[in-house]
2 protein chains.
Amino acid sequence: MNKTIQTVESAAAGSAFLIEDVYPLIDGGRFAVKRIAGDRVEVWADIYRDGDATISAALIWRGEQEREWRRESMIHHGDDRWSGAFVPTEPGPYVYAIEAWTDEFATWRHGVERKQLSGSDITLDAIEGAGLLTKAQGARQDAAAIILRQCEDYLGSGDVTPLLATELGEAMAESQARPDLTRSPSFPLVIERDRARFGAWYQMMPRSQSAVAGQHGTLRDCIARVPDIAAMGFDVLYFTPVHPIGKTRRKGRNNSPGASDGEPGSPYAIGAAEGGHDALHPELGTIEDFRALVATCLEYGLEIALDFAVQCSPDHPWLTQHPEWFKWRPDRSVRTADGPYSDIVIPDFASVDRVGLWNAFRDAMLFWIDHGVTIFAIDNHDTAPLPFWEWLIRDIRSRHPEVILFSKTFARPKLMRGLAKLGFAQSFSYFPWRTGKWELEQYLGELTRYPERDFVRPNLFVNTPDLLPYHLQSGEAWMFKSRFALAATLSGNCGLYSGFELLEHEAIPGHEEYQDSEKYQIRQRDWDRPGNIKAYITALNRIRHDNAALQQTTNLRFLGIEHGETIAFVKEATEPANIVVVAIALSRPVREVWLALGELTIDVGGERRRISALENLMTGEQSRIEWGGIRLRIDPDCDPALLFRCLA
Amino acid sequence: MNKTIQTVESAAAGSAFLIEDVYPLIDGGRFAVKRIAGDRVEVWADIYRDGDATISAALIWRGEQEREWRRESMIHHGDDRWSGAFVPTEPGPYVYAIEAWTDEFATWRHGVERKQLSGSDITLDAIEGAGLLTKAQGARQDAAAIILRQCEDYLGSGDVTPLLATELGEAMAESQARPDLTRSPSFPLVIERDRARFGAWYQMMPRSQSAVAGQHGTLRDCIARVPDIAAMGFDVLYFTPVHPIGKTRRKGRNNSPGASDGEPGSPYAIGAAEGGHDALHPELGTIEDFRALVATCLEYGLEIALDFAVQCSPDHPWLTQHPEWFKWRPDRSVRTADGPYSDIVIPDFASVDRVGLWNAFRDAMLFWIDHGVTIFAIDNHDTAPLPFWEWLIRDIRSRHPEVILFSKTFARPKLMRGLAKLGFAQSFSYFPWRTGKWELEQYLGELTRYPERDFVRPNLFVNTPDLLPYHLQSGEAWMFKSRFALAATLSGNCGLYSGFELLEHEAIPGHEEYQDSEKYQIRQRDWDRPGNIKAYITALNRIRHDNAALQQTTNLRFLGIEHGETIAFVKEATEPANIVVVAIALSRPVREVWLALGELTIDVGGERRRISALENLMTGEQSRIEWGGIRLRIDPDCDPALLFRCLA
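The model shown is predicted, which means the values in this text are computed figures rather than measured ones. (Residues numbered from 1 in each chain as written. Chains lettered and ligands numbered in written order. Predicted model: local features only at pLDDT ≥ 70, side-chain atom pairs only at ≥ 80, totals over all residues. Heavy atoms only, no water.)

Participant: Would you mind going over the overall build of chain A with me for this structure?
Facilitator: In terms of regular secondary structure, chain A is built from 14 helices and 30 strands. Counting only C-alpha atoms and orienting by the principal axes, one finds that chain A spans roughly 105 × 70 × 40 Å. A buried classification covers 59% of the 648 residues belonging to chain A. Within chain A, contacts between residues separated by at least 24 positions form 75% of all contacts whose residues are at least 6 apart in sequence. Mean positive and mean negative side-chain charge positions of chain A (70 and 91 charges, respectively) differ by 4 Å. (Helix = DSSP H or I, 4+ residues; strand = E, 2+ residues; numbered from the N terminus. Buried < 20%, exposed > 50% of the residue type's maximum accessible area, 1.4 Å probe, protein only. Contact = heavy atoms within 4.5 Å. Lys, Arg positive; Asp, Glu negative; His and termini not counted. Charge placed at Lys NZ, Arg CZ, Asp CG, Glu CD.)

The following block contains the structure:
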């Protein structure tokens, strides 16, 4: 019997309302929604109870570690659908929730007004309304004064009118008790800085940056390259691993097993006698050089991103310091990775001392953060368990909310999505393998639809040290330009691996691997080699910086264009109002196409105006919109992409 | 530091896998999925971890109060999507969950087979594989024997072949330790008996059932009516409230305020000196009569459903016994409901003694269950808080899983959905206000789509004591038939309120209310009045009983038919295989229409065969399908509906 009594009480407590279909929300709140600092976070929900009482709702939010909730009123849009919004300005983890309660006084007022209309007697109702005023025990001074005054007016006159005053309703709305207040579960939200959503990345191997032929590049050589990279308009300078490289099982040219003397090995075979994940490869220079590099980058508006790979070379100091962190074979050799990666060892993340191992990786990351690194690209991370990444991201974020972790893996679709849910700020995508119009539309549609839009931020790389896509292997400039234009306009985040700007395209035949890959040897280039497309890249990066619409991804909307090898889309930003229309050729022939724009409008001083003209963002030329669209001529050999800013 | 250590361990524990996008699931498991005893409950989920290890998954389930989980293997369908199924045979609350773990031995075997293909040395791998056999510590005897034998074979021969045997793989799959086992949260499921999904309801007022003009009907009169109602093929005999009726504020004819002497009042004004919710109105008879009624119904295959309304008349004994359960006004009168319901009082569900009040309602329901009632229609229940219903349903269900609670309310769309989520087995719908083809298609589509299909079971009533829809007010037989045919074929559950079969259609002008409504007066009818459509109703109910496809709702699929006032659909059942095609006229003119059937196939002895002919379920006539469809002629004045059984 006692059990049943408790059940009634626990059933009744804080559950008078159903709060459902909350947007945004990922897997019922299991994972955090992602937003950018300064974004208006709009939250929608169905909120209702039985009957027709007047109800109120609030959106409450706070930093995860804060005690006090902040409150924003929610508005009813009909059909029991409510919304509210807040604007977190600092990066970090947050939570939000929804509260609903009955506004008893408003319900009373509504009933009395109805009775007045029907001419019923309201003497008793008036007494009851006055009685409700005594429930406003927590009223602030100004509200309390209003409540007292209106009550006295009523008692003096015996007339209900003072009780129906709007200002009394407002005072009561915020002052009366809320005995049936129902609060939804708390839902997680992660706020990151703008660079999580917008940036152009330039990836390079530091050891290839020497200006002297045949010489191992140093961080000082990298510093000398910074002005040129910054001049191209990049935001992030992204380095392959900078750690000591193992000698045991070191790979030679083109991944041949067993390096010859003097071959540098793959920088992904991390760790040697000189140190491991928190050490610098001696030939690159000193930690002071690293600090100098970070400082120079900052000066030029670049951030450093480092590859962060959990594998070790067989010479990594941890193998002798912490043998329990690794898997050993019956012949007492360490278990190495299979296939082409026989120069590396994957630690045992389920080790009896996993606490030690996980913390060691975390501490290595903290080491580089202490030395000015704010972005990490997590290499090949389907080799570590999912809970490790979730833990690492939470741990790093709680200490350094400004740090951005980029999930740099090509894996199965669900795993790619899952890693993004776990908290990575950005993700690799299948963009390198999406070349047809319908493939691009479908795939980008998939990444920008709900709920993916709330946790996946694709970073569209046109190539990587591991990937020279087939479509680039003929080395045609128009194709390199088309691919970079796609990456730079479809997504807020895009990147290339150095050599792309020089149209490098020699592959191992039949593979999407670079011939003489830099992963296994030092390669030096003439960065101003004739035929390079640096000016084109520079122009696109400038346009990205000038147009807020291109600084995000989820605002993508494809446009109808009656040409199977031309893709067109529009991106729209508010504050500042900016609309960019893009058309890009996916094949080489010259084409004339009609681009239907539909009913585009833009905010001009708070007023929506119809778009009347387009400004070509490369040439500055303006064209009037006629018949709801515009005729375009694209000559890919000149420029495969047309970018326009919309004018009112 | 200690905090961080704990965090690693808690992060690593039982979360190696992501188990996502579980189907079926309502609001992340907040509410129970509904199924029928004997149904195969199929569960789907995305299940994955990092890397390419071989994984296994199981669907586990149990009665909510059971301790031991039952286990079913899950199958991988590609793209990390898995499914499993189980068949609960008893009504009651259940839970299910998903477990995933790495099959370490299968992973090893997969790796060795790959190495064998590439010709690598596998000496060490073989030793490692043999080592894994020691992890099968919990092996059952037969598995242990296989493991031991294969291990000895390997040790004797030094050859890896015995370790790669399929039977060893199977023995290890079920025997080895599962250190990374991840279990999803437990998700609720409610199993109900078949009547929750399938039944035709006949609603009547017991006091109108006397054969003697002007005499108050009794339960004995109702017993006399049972054979006729059963002969029409109904499954549920549904009574308006049978309790004593209040005298204070009693309503007269057509809801006039203040009854004259001898007027019986509305049975919804529950409670008088003679008793309340657990008492029988004296004029209806005794509790022994009630038992006799239940027994007669059972004999004729009918179940009794009772209206269960939480309101009280001002004369209800609880007002004096438990004044704290009610709201009192400043003049010490009790607060009555507003508007047309001034003869009733809504208890205060937030009363200081809500435990007493809630339990009192629950006990009243238990009283009637003890007297043989197995179905309750919850009247007007948006007058009680949502947590009350959720608590009541859980409480009743835990004691009497066979009891069916029907949510008989017309409320706002979200509230209707919410009440269904809270656990009502069936719900009223907006069907009475959906008459056009597109309205019906859209609305039934909404009720049968995911996730609604998993918690909403509509019961399509063509009329109720409160509702004489406008489209019936002209009294045309074809319309009454069309509406009953729609209700009887679109949904597994349908119902009518007595008088419908006599084409009663006199409304209060401009309203959807019956003139001289039985709610306020006794009405007697000649149940065999000429022009009645009892034979038509009987035929449809017989067809429903003979065809499994018509005994459920979620199997509904609309068919294309090029006529704006003819609706067509197909319903398909398995076990037994049964496909029914339906076309119903929504207007009166005779029409000839082409019905495209597409590629319908049916299971015949385990083999899919194409449908070749249709059998008219009214006439028995067969028609061959030609050109993928059939030409139909519908004369609504003869029969607005055509029902066909598909033949292979």
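Participant: Is there a simple way to explain the packing of helix 6 (residues 219-231) of chain B against helix 7 (residues 287-299) of chain B in this structure?
Facilitator: Angle between the axes and distance between the axes are the two parameters that describe a pair of packed helices. All names here are of chain B. With their axes 9 Å apart at the nearest point, helix 6 and helix 7 run at an angle of 5° to one another. One way to sum up the angle between helix 6 and helix 7 is to call them roughly parallel. Residues Leu-219, Arg-220, Cys-222, Ile-223 and Val-226 of helix 6 lie in contact with helix 7, whose contacting residues are Glu-288, Asp-289, Phe-290, Ala-292, Leu-293, Thr-296 and Cys-297. Considering only residue class, the contact of helix 6 with helix 7 consists of 8 nonpolar, 1 polar and 3 charged. (Axes fitted to C-alpha atoms, helices over the stretch in contact; angles between N-to-C directions. Parallel < 35°, antiparallel > 145°, perpendicular 65-115°, else oblique. Nonpolar A, V, L, I, M, F, W, Y, C, P; charged D, E, K, R; others polar.)

Participant: Even after reading the chapter, I still don't get the relation of the copies chain A and chain B, so can you show me in this structure?
Facilitator: Here two copies of a chain appear, and what relates them is a rotation about an axis with a shift along it. Rotating chain A by 180° about the axis while translating it 0.0 Å along that axis superimposes it on chain B, leaving an RMSD of 0.1 Å. Given the turn and translation reported, the copies of this chain are related as if by a two-fold rotation axis. Measuring from the rotation axis to each C-alpha of chain A, the shortest distance belongs to Gly-28 of chain A, at 2.8 Å. A shared interface surface links the copies, since 100% of the contact residues of chain A are contact residues in chain B too. (Least-squares fit on C-alpha atoms with pLDDT ≥ 70 in both.)

Participant: Looking at this model, I keep getting lost on the sheet that holds strand 3 (residues 41-48) of chain B. Mind explaining?
Facilitator: Strand pairing within a sheet occurs via backbone hydrogen bonds; the two strands may be parallel or antiparallel. With antiparallel pairing, 4 strands are arranged side by side in an open sheet as 1-3-7-6 (chain B). Bordering the open sheet on either side are strand 1 (18-23) and strand 6 (75-76) of chain B, each of which pairs with just one other strand. Bridge analysis of strand 1 of chain B against strand 3 of chain B gives 4 bridges, and the strand direction is antiparallel. Looking across to strand 3 of chain B, one finds that Glu-20 of chain B is bridged to Asp-46 of chain B. This element, helix 11 (residues 413-422) of chain A, spans strand 1, strand 3 and strand 7 (81-86) of chain B of the sheet and lies at about 75° to strand 3 of chain B. (Pairing = 2+ DSSP bridges.)

Participant: Got a minute to help me understand helix 13 (residues 477-490) of chain B in this structure?
Facilitator: For the α-helix, the turn length of 3.6 residues means that residues three or four positions removed from each other point alike. Between its first and last C-alpha, helix 13 of chain B extends 20 Å over 14 residues, near the 20 Å set by a 1.5 Å rise per residue. For helix 13 of chain B, the buried fraction is high: 13 of the 14 residues fall into the buried class. (Expected span 1.5 Å × (residues − 1).)

Participant: Can you help me understand the pairing of strand 11 (residues 199-204) of chain A in this one?
Facilitator: The side chains of a regular strand alternate between the sheet's two faces. Residue and element names in this part refer to chain A. Within strand 11, 6 of the 6 residues are buried, which leaves it mostly tucked inside the rest of the structure. Neither face of strand 11 is open: one carries Gly-199, Trp-201 and Gln-203, the other Ala-200, Tyr-202 and Met-204, and all of them are buried. Two strands pair when backbone bridges link them, and strand 11 and strand 20 (residues 493-497) are joined in this way by 5 bridges, in the parallel orientation. Across the sheet, Gln-203 pairs through a bridge with Tyr-497, a residue of strand 20. One ladder, built from 4 bridges, connects strand 11 with strand 12 (residues 236-239); its direction is parallel. When the sheet's bridge partners are listed, Tyr-202 is paired in strand 12 with Leu-237.

Participant: I keep staring at the pattern of salt bridges and nothing clicks. Help me out?
Facilitator: Scanning the model with the defined rule gives 109 salt bridges over all chains in all. A salt bridge links Arg-49 of chain A to Asp-180 of chain A; the shortest N-O distance between them is 3.8 Å. Taken together, the residues span a long stretch of sequence, with Arg-49 of chain A in the loop between strand 3 (41-48) and strand 4 (55-63) and Asp-180 of chain A in the loop between helix 5 (166-175) and strand 9 (182-183) at a distance of 131 residues. As far as the burial class goes, Arg-49 of chain A and Asp-180 of chain A line up, both buried. Where Asp-395 of chain B meets Arg-399 of chain B, a salt bridge forms, and the shortest distance between an N and an O atom there is 2.6 Å. Here the residue Asp-395 of chain B and the residue Arg-399 of chain B both occupy positions in helix 10 (residues 386-399), the gap between them amounting to 4 residues, near one helical turn. Note on Asp-395 of chain B: relative accessible area 9%, which makes it buried. When its relative accessible area of 39% is taken as the criterion, Arg-399 of chain B is described as partly exposed. One salt-bridge network, held together by shared partners, links Asp-21, Asp-46, Asp-79 and Arg-81 of chain A together with Lys-414 of chain B. (Salt bridge = Lys/Arg side-chain N within 4 Å of Asp/Glu carboxyl O.)

Participant: Even after reading the chapter, I still don't get the side chain of Glu-20 of chain B, so can you show me in this structure?
Facilitator: Here Glu-20 of chain B shows up in strand 1. Among the residues examined, Glu-20 of chain B registers a relative accessible area of 4% and is labelled buried. A polar side-chain atom of Glu-20 of chain B sits 2.9 Å from a polar atom in the side chain of Tyr-48 of chain B. Excluding its chain neighbours within four sequence positions, the residues that come into contact with Glu-20 of chain B are Asp-27, Phe-31 and Lys-421 of chain A together with Ala-45, Asp-46, Tyr-48 and Arg-81 of chain B. (Polar contact = N/O pair within 3.5 Å; in protein donor to acceptor, adjacent residues only side chain to side chain.)

Participant: Got a minute to help me understand the state of the cysteines in this structure?
Facilitator: In the structure shown here, the tally under the stated rule is 0 disulfides over all chains. Cysteine Cys-494 of chain A remains unbridged, with the sulfur of Cys-297 of chain A as its closest cysteine sulfur at 17 Å. (Disulfide = S-S within 2.5 Å.)

Participant: Where do I start with the nonpolar core in this structure?
Facilitator: Here is a general trend for soluble globular proteins: nonpolar side chains tend to be buried in one another's company. Counting 144 residues, the largest nonpolar core has Ile-47, Tyr-96, Leu-237, Phe-239, Ile-304, Phe-376 and Phe-388 of chain A as the members making the most contacts within it. The element contributing the most residues to this core is helix 9 (residues 354-370) of chain A, with 10 residues. Counting residues in hydrophobic clusters, the runner-up holds 143 residues, among them Leu-189, Met-365, Leu-550 and Leu-617 of chain B. (Core = buried A, V, L, I, M, F, W, Y, C linked by side-chain atoms within 4.5 Å.)

Participant: Before we go on, may I ask you to explain the packing of aromatic side chains in this structure?
Facilitator: The geometry of an aromatic ring pair is captured by the separation of the ring centres together with the interplanar angle, meaning the angle of the planes. Residues and elements named next belong to chain A. Following the criterion strictly, the structure yields 69 aromatic pairs over all chains and no others. Between Phe-558 and Phe-569, the aromatic rings sit 6.0 Å apart at their centres with planes inclined by 80°, giving edge-to-face as the arrangement. Taken together, the residues span a long stretch of sequence, with Phe-558 in strand 21 (residues 556-558) and Phe-569 in strand 22 (residues 566-573) at a distance of 11 residues. The class for Phe-558 is partly exposed, based on a relative accessible area of 22%. (Phe/Tyr/Trp six-rings, centres within 6.5 Å; stacked < 30°, edge-to-face > 60°.)

Participant: Which parts of the structure should I look at to understand helix 12 (residues 437-448) of chain B?
Facilitator: Residues and elements named next belong to chain B. Compared with the 16 Å implied by 1.5 Å per residue over 12 residues, the 16 Å span of helix 12 between its first and last C-alpha is a close match. Residues Lys-437, Leu-440, Tyr-443, Leu-444, Leu-447 and Thr-448 constitute the buried set of helix 12. Seen from one end, helix 12 has its buried residues packed into an arc of 145°, which puts them on one side. Elements in contact with the buried residues of helix 12: helix 13, strand 21 (556-558) and strand 22 (566-573). (Arc of directions from axis to C-beta.)

Participant: Explanation requested: the interface of chain A and chain B in the structure shown.
Facilitator: Size of an interface: often given as the accessible area lost when the parts come together. With 56 residues of chain A in contact, the opposing surface of chain B contributes 56 residues. Across the chain A to chain B interface the summed buried area is about 4,700 Å²; carbon plus sulfur atoms make up 55%. Three residues stand out in chain A for area buried against chain B, namely Val-8, Asp-50 and Lys-414 of chain A, and they jointly supply 13% of the buried area on that side. At the junction of chain A with chain B, the criterion picks out 16 salt bridges. Linking Arg-354 of chain B and Glu-9 of chain A is a salt bridge whose minimum nitrogen-to-oxygen distance equals 3.0 Å. Only helix 1 (2-12), strand 1 (18-23), strand 3, helix 2 (104-118), helix 3 (123-133), helix 9, helix 10 (386-399) and helix 11 of chain A provide two or more residues apiece to the side of chain A that touches chain B. Looking at the side of chain A that touches chain B, its residues break down into 22 nonpolar, 8 polar and 26 charged. (Buried area = accessible area lost by both parts, 1.4 Å probe.)

Participant: What is the right way to read the sheet that holds strand 16 (residues 375-379) of chain B from this model?
Facilitator: Residue and element names in this part refer to chain B. Strands sit in the order 18-17-16-15-12-11-20-19 across an open sheet of 8 strands; the sheet is parallel. Only two strands of the sheet have a single partner each, and these edge strands are strand 18 (426-427) and strand 19 (459-461). As defined by bridge partners, strand 19 adjoins strand 20 (residues 493-497) across 3 bridges and the pair is classed as parallel. The residue of strand 20 that forms the bridge with Asn-459 is Asn-493. Sheet contacts for helix 7: strand 12 (236-239) and strand 15 (303-309); angle to strand 15, the most-contacted strand, approximately 130°.

Participant: I'm lost on the pairing of strand 7 (residues 81-86) of chain A in this one. Help?
Facilitator: Residue and element names in this part refer to chain A. Burial analysis of strand 7 places 6 of its 6 residues in the buried class, which makes it a mostly covered element. With 6 bridges connecting them, strand 3 and strand 7 associate as antiparallel partners. When the bridges of strand 7 are listed, Glu-42 appears paired with Ala-85. Note: strand 6 (residues 75-76) against strand 7, 2 bridges, orientation antiparallel. Bridging from a neighbouring strand, His-76 pairs with Trp-82 of strand 7. Hairpin connection between strand 6 and strand 7: a loop of 4 residues separates the two successive antiparallel strands, and Gly-78 in this loop has a positive phi of roughly 95°.

Participant: I'm lost on unusual backbone geometry in this one. Help?
Facilitator: Trans peptide bonds make up most of the peptide bonds, and negative phi angles are found at most residues other than glycine. A cis amide bond links Glu-575 of chain A to the next residue, Pro-576 of chain A, at an omega of -5°. Position of Pro-576 of chain A among the secondary structure elements: in the loop between strand 22 and strand 23 (578-585). Between Tyr-23 of chain B and the following residue, Pro-24 of chain B, the backbone shows a cis peptide bond with an omega angle of -5°. The phi angle at Asp-516 of chain A is positive, at roughly 55°, despite the residue not being glycine. Residue placement: Asp-516 of chain A occurs in the loop between strand 20 and helix 14 (534-546).

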